[in-house]
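# Geometric and topological summary
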Amino acid sequence: MRKRLTGILLLLAMLVLPASAETEQQPYSTEPISALWNTYAPELHYYYAQLSEAEKRLFSARYDALATGDGALWNYQIGEYGTLERARVNMVLCNDCPELMFYGTELGGSYSLVQKPGDAYLAANPEKIAMYNEACASAAGQLDGEAASGYETQLAIDEYIKRSCTYDNKSSWYGSEEGHTAYSSLVKGGANCVGYTMGAMYLLRMSGIPCLAVYGYVGAAPTGSNGHMWLMVEINGRWYHYDPTWDDWDSAEMKEDFYPYLNLSTEEIKKARSWDEAETHYRFVFPEALSMEDNYYVLNGRTLGKAWKTSMYTLVNGARASGKSAVGLRFADWEDYREFLKNVSDGSCYPLNLLSFNVHFVTEDGSKFVYLWW
């Protein structure tokens, strides 16, 4: 009798345990199942494409946890992932998904510190995300739908953010989502550099333009300080660095012809930025930005060469005659730029000293840019 009872118990165990284990180990989808994932073409998620299959499953579970409010998904098969894998997934959630409107409040400088949001947060999140995305999509609908190129669309996006947003890094915002989302820059009207970046990324991707967020510091290496975020964007098949935050100086004088950070090469941006090499810490790879061909000042003939004094005089006079109140210019050569700075300081900038204008060096962090207004 005892043997028969033992056999029955073993049989029951064989029937129950494998089914339970199979349920626990059921593989999650490598893409989120939430409709939010299709806000724009999913292949535009640049960093997500570099995740391993296992990492994509954890990413998708966490994405759906935020999008659907199901907290049980956050720690999907958590034992199978090390610190690096979780950090890579969290970086994609925070930096590659502007539609999520998510910024881990426990970042503390490391994506490995992102924690599962609380139950109350998750319960309210789907409705909040839907509302934020509807408002941001409305902002996207205000862009010029007849733009002839990706560059013109990018320019329209830059103009929209300048009009709609003011830089704001209030202490109460730091480390919170409030100033870090696309909604904050596109709709609410105030954002820090992360919010500017997420807003520009949202509109660029909604327009089908590939882009990615870059995290780093203001200033050239090795002395760069103050954490900062900007974009890399693909225009006409070429990659560029684009900083929407520093393209918006929130000054009445600098609303016209002011695009110092629209489409710079890596060589140029490194004079003004240094970055936390994500490919070193988190093993992601950046595209190469080798060209200046789609830079605003290159395209518009505002890059000054050896005859820069005559060219500047002509450009300023031409801008005045056309009713403009300002003009932005770039120098092709550092030697000429330094000569200009010296001439301005000692008043020897003939024939420019015959004109009356103000000089503003907004980009004192190393770029060869100057802004003149009158």
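The paragraphs below set out a description of the structure included in this document. Here the structure is a predicted model, which means the values were calculated and not measured. (Residues numbered from 1 in each chain as written. Predicted model: local features only at pLDDT ≥ 70, side-chain atom pairs only at ≥ 80, totals over all residues. Heavy atoms only, no water.)

### Here we look at the packing of helix H2 (residues 53-68) against helix H3 (residues 83-95)
H3 packs onto H2 with a crossing angle of 45° between their chain directions and a minimal axis gap of 9 Å. With respect to their mutual orientation, H2 and H3 come out oblique. Crossing handedness for the pair H2 and H3: right-handed. Note on element contacts: H3 touches H2 through Glu85, Arg86, Arg88, Val89, Asn90, Val92 and Leu93, opposite Glu55, Leu58, Phe59, Arg62, Tyr63 and Leu66. Among the residues making up the contact of H2 with H3, the classes are represented as seven nonpolar, one polar and five charged. (Axes fitted to C-alpha atoms, helices over the stretch in contact; angles between N-to-C directions. Helix = DSSP H or I, 4+ residues; strand = E, 2+ residues; numbered from the N terminus. Parallel < 35°, antiparallel > 145°, perpendicular 65-115°, else oblique. Left-handed = near helix turned anticlockwise from the far one by under 90°. Contact = heavy atoms within 4.5 Å. Nonpolar A, V, L, I, M, F, W, Y, C, P; charged D, E, K, R; others polar.)

### Quick notes on the pattern of salt bridges
For the structure on display, the rule yields twelve salt bridges. Residue glutamate 55 pairs with arginine 88 through a salt bridge whose shortest N-O separation is 2.9 Å. Of this pair, glutamate 55 sits in helix H2 while arginine 88 is found in helix H3, placing the two residues 33 residues apart along the sequence. Across the pair, arginine 88 and glutamate 55 agree in class, each one buried. Connected through salt bridges with shared partners, the residues Arg238, Glu293 and Asp294 form a single ionic network. (Salt bridge = Lys/Arg side-chain N within 4 Å of Asp/Glu carboxyl O. Buried < 20%, exposed > 50% of the residue type's maximum accessible area, 1.4 Å probe, protein only.)

### A closer look at the packing of aromatic side chains
In this structure the tally under the stated criterion is 30 aromatic pairs. Between tyrosine 259 and tyrosine 296 the ring centres are 4.2 Å apart and the planes differ by 40°, which places this aromatic pair in the tilted class. Of the two residues, tyrosine 259 is situated in the loop between strand E5 (238-242) and strand E6 (262-264) and tyrosine 296 in helix H10 (residues 296-299); the sequence distance between them amounts to 37 residues. Of the two residues, tyrosine 259 and tyrosine 296, neither departs from the other in class, the shared state being buried. Arranged with centres 6.5 Å apart and planes meeting at 35°, the rings of tyrosine 371 and tryptophan 373 form a pair that is tilted. The same class applies to tyrosine 371 and to tryptophan 373, which are both buried. Taken together, the aromatic side chains of Phe258, Tyr259, Tyr296, Tyr297, Phe369, Tyr371 and Trp373 make up a single cluster linked through ring pairs. Sitting over the face of the ring of tyrosine 48, lysine 56 holds its NZ or CZ atom 5.0 Å from the ring centroid. (Phe/Tyr/Trp six-rings, centres within 6.5 Å; stacked < 30°, edge-to-face > 60°. Lys NZ or Arg CZ within 6 Å of the ring centre and 35° of its normal.)

### Comments concerning the nonpolar core
Formed by 47 residues in total, the largest nonpolar core has its most connected members in Phe59, Tyr63, Leu93, Leu100 and Phe102. Elements with a contribution of two residues or more to this core: H2, H3, helix H4 (119-141), strand E3 (211-218) and strand E4 (225-235). Top contributing element to this core by residue count: H2, with seven residues. Core analysis: the second largest hydrophobic core is formed by 44 residues, Cys193, Leu204, Tyr297 and Phe369 among them. (Core = buried A, V, L, I, M, F, W, Y, C linked by side-chain atoms within 4.5 Å.)

### Observations concerning the side chain of arginine 273
Checked against the element boundaries, arginine 273 lands in strand E7 (residues 273-275). Polar contacts involving the side chain of arginine 273 include one to the side chain of aspartate 243, which spans 2.9 Å. (Polar contact = N/O pair within 3.5 Å; in protein donor to acceptor, adjacent residues only side chain to side chain.)

### Focus on helix H12 (residues 334-346)
Between its first and last C-alpha, H12 extends 19 Å over 13 residues, near the 18 Å set by a 1.5 Å rise per residue. Restricting attention to buried positions, one finds in H12 the residues Asp336, Tyr337, Phe340 and Asn343. Along the long axis of H12, the arc covered by the buried residues comes to 120°, so they all point the same way. What points out from H12, more than 90 degrees from its buried face, is the exposed set Glu335, Arg338, Lys342 and Ser345. (Expected span 1.5 Å × (residues − 1). Arc of directions from axis to C-beta.)

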